[in-house]
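The lines below spell out each chain.
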Amino acid sequence: MTKVITYGTYDLLHQGHINLLRSAKELGDYLIVGVTSDSFDRGRGKLNVRNNVLERVEAVKATGFADEVIIEDYLGQKIDDIQKYDVDIFAIGSDWLGKFDYLNEYCKVVYLPRTEGISSTMLRAENQSTYRIGIIGSGRIAHRFVPETKVVNGAEVTAVLNPDKDKAAAFGKVHRLDAFSDFDDFIKLIDVVYVASPHLTHYDYAKSSLLAGKHVLCEIPFTLSKDEALELYRLAEENNLVLMEASKTAYCPAFGHIITLIKSGIIGDVVDVKASLSKMVEPPTRELDAMQAGGAITEHAPLTIMAIVRLLGIDWIDVGFHTKKEKGVDIYTKGIINYPHATSSFTLGIGVKTEGNLVISGTKGYVYVPAPWWLTSYFEVRYEDQRKNKKYFYSYDGEGLRYEIQEFLSMIVNNRRSCYKLRRRESVAIAEIIEKYRNGENVTEI
Ligand code: CTP
């Protein structure tokens, strides 16, 4: 019996897939089809797949060509499968010509002619409308944002707004965008807004954009008070719009996996979460300007508190801070959030350097995410018995903003108002803790 194996994503199954599967089946007697898992696709940068793995498996089965369907979940699996299933022929479309020659060591490799004029990418583009994104603000994060949208289906940055005409024009020139200094002119020509302006303007811009009927992705710190956050989410809800806090780490695959592993009990009950983030800055910079709400808290608390509330929830008992200030700006702040059954702390610096890692301690073991944990690409689950330790590796593509952009557009397309990767109530809780600090509640200066 000649066994043939082939692999693919098979998203929005089309005639090209059917032709390929038919030809692959004709090469032998038994066809095994490897369908990529959702996480494997995300890990290799395929962020736009429409059908989930179960739908894609069902679609492949329905063609009637597959004798067996397996899931492809890791790099290098093809070599394992070929040996495990005693495969004679590995078949794949000619778009991969030469790429799988290394498998010749294990079986015969056949490149089958690809059907011209059709692909999942084409189909996804055809039935997806493109959202014109307008960026408010033209600073560092805005520069990083534009290239990230290019890998997300349906996202196209078309305009930038900065009240400073020259700054808007300069940004527009670099990224080939329409540049505006007037909000009303800008908002008319776009579908969604990315607020990446200075901290103190987030609330006003997000509110005006929602009132103008636009979906909003808002940079961190989302707002500087609980009431502002609540009001914005209420406005979004009333106007049936998506409002999302751009807490990039919350949407990245590795961080999501840490949360699900811990929630499944891998380290027992979580008793302590310690999250640190420090980035030294030199004056003059807005991070050191009290008038612009500079400081370690406003700069770095959103991501660290996000990790804590994702793991321990929002029903804390008390919150306190120790802080070191210079010229009215906290250059170092340590916060402690206590819960009935756990404690947590975050350590933030812009003028004090510290190790930027994340440690989550539980009754059976702990998770260690080395610095920079907020760009999560690698973490370890560790136990007393070190032989049980496990390391997890992920790719963190580009600037990592593509994951939040993808989630944001998917919420719009699928008419979802809430995202399980960062709930609205968690986002409000983050604003509340930042507000407590800014109001001086339980703050001790050192
Ligand atoms: N294939 C083909 N003809 C096409 C499209 C795909 O023969 N027009 C083959 C690929 O070469 C591969 C298999 O179908 O062997 C599964 O490919 P997959 O990547 O799932 O399909 P694409 O349509 O190429 O998907 P995408 O556009 O997302 O890359």
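Residues numbered from 1 in each chain as written. Predicted model: local features only at pLDDT ≥ 70, side-chain atom pairs only at ≥ 80, totals over all residues. Heavy atoms only, no water.

Enquirer: Sorry, what's going on with the overall build of the chain here?
Expert: What the chain contains, in helices and strands, is 14 helices and 20 strands. Dimensions along the principal axes, computed over C-alpha positions, put the chain at roughly 75 × 60 × 40 Å. Taken across its 446 residues, the chain has 53% of its residues classed as buried. Sequence separation of 24 or more characterises 66% of the internal contacts of the chain that already satisfy a separation of 6 or more. Element-wise, carbon and sulfur atoms account for 49% of the exposed surface of the chain, whose accessible area totals about 20,200 Å². (Helix = DSSP H or I, 4+ residues; strand = E, 2+ residues; numbered from the N terminus. Buried < 20%, exposed > 50% of the residue type's maximum accessible area, 1.4 Å probe, protein only. Contact = heavy atoms within 4.5 Å. Areas by Shrake-Rupley, 256 points an atom, 1.4 Å probe, with all protein chains shown as cover.)

Enquirer: I'm lost on the environment of A170 in this one. Help?
Expert: Within the fold, A170 resides in helix α7 (residues 165–175). Counting along the chain gives 25 residues from A170 to V195, while the straight-line C-alpha distance between them is 18 Å.

Enquirer: Would you take a moment to explain the site of the ligand for this structure?
Expert: Near the ligand, the surroundings consist of 19 residues, among which D95, T115, I118, S120 and T121 are the closest. In this structure, T115 approaches the ligand through a main-chain N or O atom, which is 2.8 Å from a nitrogen atom. In the model, an oxygen atom of the ligand is placed 2.4 Å from a nitrogen or oxygen of the T121 side chain. Protein chains bury 92% of the 560 Å² of accessible surface belonging to the ligand in isolation. Broken down by secondary-structure element, the contributors of at least two residues to the shell around the ligand are α1 (15–26), β4 (89–93) and α5 (120–126). Considering only residue class, the shell around the ligand consists of five nonpolar, ten polar and four charged. (Near = heavy atom within 4 Å. Polar contact = N/O pair within 3.5 Å; in protein donor to acceptor, adjacent residues only side chain to side chain. Nonpolar A, V, L, I, M, F, W, Y, C, P; charged D, E, K, R; others polar.)

Enquirer: Looking at this model, I keep getting lost on the sheet that holds strand β16 (residues 358–362). Mind explaining?
Expert: For sheets, the rule is that strands pair by backbone hydrogen bonds, running either parallel or antiparallel. Reading across the sheet, the nine strands line up as β19-β18-β17-β16-β12-β15-β14-β13-β20 and stay open at both edges, with mixed pairing between neighbours. Strand pairing shows two members of the sheet lacking a second neighbour, β19 (390–393) and β20 (443–445), which therefore form its edges. Recorded for the sheet is a direction-independent mean angle of 15° between the axes of neighbouring strands. Running over the sheet, helix α11 (residues 253–263) touches β12 (270–278), β16, β17 (366–369), β18 (378–382) and β19 and is turned about 15° from β18. Strand contacts of helix α12 (residues 296–312): β12, β13 (318–326), β14 (329–338), β15 (343–349) and β16, with the helix running at about 155° to β15, the strand carrying the most contacts. (Pairing = 2+ DSSP bridges. Axes fitted to C-alpha atoms, helices over the stretch in contact; angles between N-to-C directions.)

Enquirer: Explain unusual backbone geometry to me, please; I cannot follow it from the model alone.
Expert: The phi torsion of most residues other than glycine is negative, and most of the peptide bonds are trans. In this structure, P284 follows P283 across a cis peptide bond, with omega equal to -5°. Along the chain, P284 falls in the loop between β12 and α12. P372 follows A371 through a cis peptide bond whose omega is -5°. Tracing the backbone shows P372 in the loop between β17 and β18. Positive phi, close to 55°, is recorded for D86, a residue that is not glycine. Unusually for a residue other than glycine, K327 sits at a positive phi of about 50°. Looking at the secondary structure, you find K327 in the loop between β13 and β14.

Enquirer: When you look at helix α14 (residues 424–438) in this model, what are you seeing that I'm missing?
Expert: Since one α-helical turn is 3.6 residues long, residues separated by three or four positions face the same way. Compared with the 21 Å implied by 1.5 Å per residue over 15 residues, the 21 Å span of α14 between its first and last C-alpha is a close match. Those residues of α14 that fall on the buried side of the exposure criterion are E426, S427, V428, A429, I430, A431, I433, I434, K436 and Y437. G440, located one to two residues past α14, shows a positive phi value of around 75°. (Expected span 1.5 Å × (residues − 1).)

Enquirer: What am I meant to see in the pairing of strand β7 (residues 155–161) here?
Expert: Taken residue by residue, a regular strand's side chains alternate between the two faces of the sheet. For β7, the tally of buried residues reaches six of seven residues, placing the bulk of the element in the interior. Note that strand β6 (residues 131–136) and β7 share six bridges and pair parallel. Its bridge partner being in β7, I133 is matched across the sheet by V157. What joins β6 to β7 is helix α6 (residues 140–149), and the crossover it makes is right-handed. Sheet analysis places β7 next to strand β8 (residues 178–180), joined by three bridges and oriented parallel. Of the residues in β8, the one forming a bridge with L161 is F180. (Right-handed = clockwise from strand over helix to strand, strands pointing away.)

Enquirer: I would appreciate a short explanation of α12 in the present structure.
Expert: Between its terminal C-alpha atoms α12 stretches 22 Å, which fits the 24 Å expected from 17 residues at 1.5 Å a residue. Helix geometry: α12 is bent most strongly at P302, by close to 40°. Counting buried residues along α12, 17 of its 17 residues qualify, which places the element largely inside the surrounding structure. Looking one or two residues past α12, G313 carries a phi angle of roughly 90°, positive in sign. (Bend = angle between axes of the 7 residues up to and from the residue.)

Enquirer: Help me understand the side chain of K436, please; the structure alone is not making it clear to me.
Expert: Mapped onto the elements of the fold, K436 is located in helix α14. If near-sequence neighbours (up to four positions away) are discounted, K436 is found in contact with W316, V319, F321, E441 and V443.

Enquirer: How do you make sense of the packing of α11 against α12 when you look at a structure like this?
Expert: In helix packing, the relevant descriptors are the interaxial angle and the interaxial distance, both defined with respect to the helix axes. Where α11 meets α12, the closest approach of the two axes is 10 Å, and the angle between their N-to-C directions is 30°. Of the possible angle classes, the one that applies to α11 and α12 is roughly parallel. Between α11 and α12 lies a crossing of right-handed hand. Across the interface between the two elements, F255, I259, I262 and K263 from α11 touch M306, A307, R310 and L311 from α12. Residues of the contact of α11 with α12, tallied by class, amount to six nonpolar, no polar and two charged. (Parallel < 35°, antiparallel > 145°, perpendicular 65-115°, else oblique. Left-handed = near helix turned anticlockwise from the far one by under 90°.)

Enquirer: What should I look at first to understand the pattern of salt bridges in this one?
Expert: Pairing is possible between side chains that carry opposite charge, provided their charged atoms lie close to one another. Considering all chains together, one arrives at 25 salt bridges under this definition. The partner of D41 in a salt bridge is R44, with the nearest N and O atoms 2.8 Å apart. Its relative accessible area of 40% is what places R44 among the partly exposed residues. Between K61 and E58 there is a salt bridge, and its shortest N-O distance comes to 4.0 Å. One end of the pair is K61 and the other is E58, both in helix α3 (residues 53–62) and three residues apart, which spans about a single turn. (Salt bridge = Lys/Arg side-chain N within 4 Å of Asp/Glu carboxyl O.)

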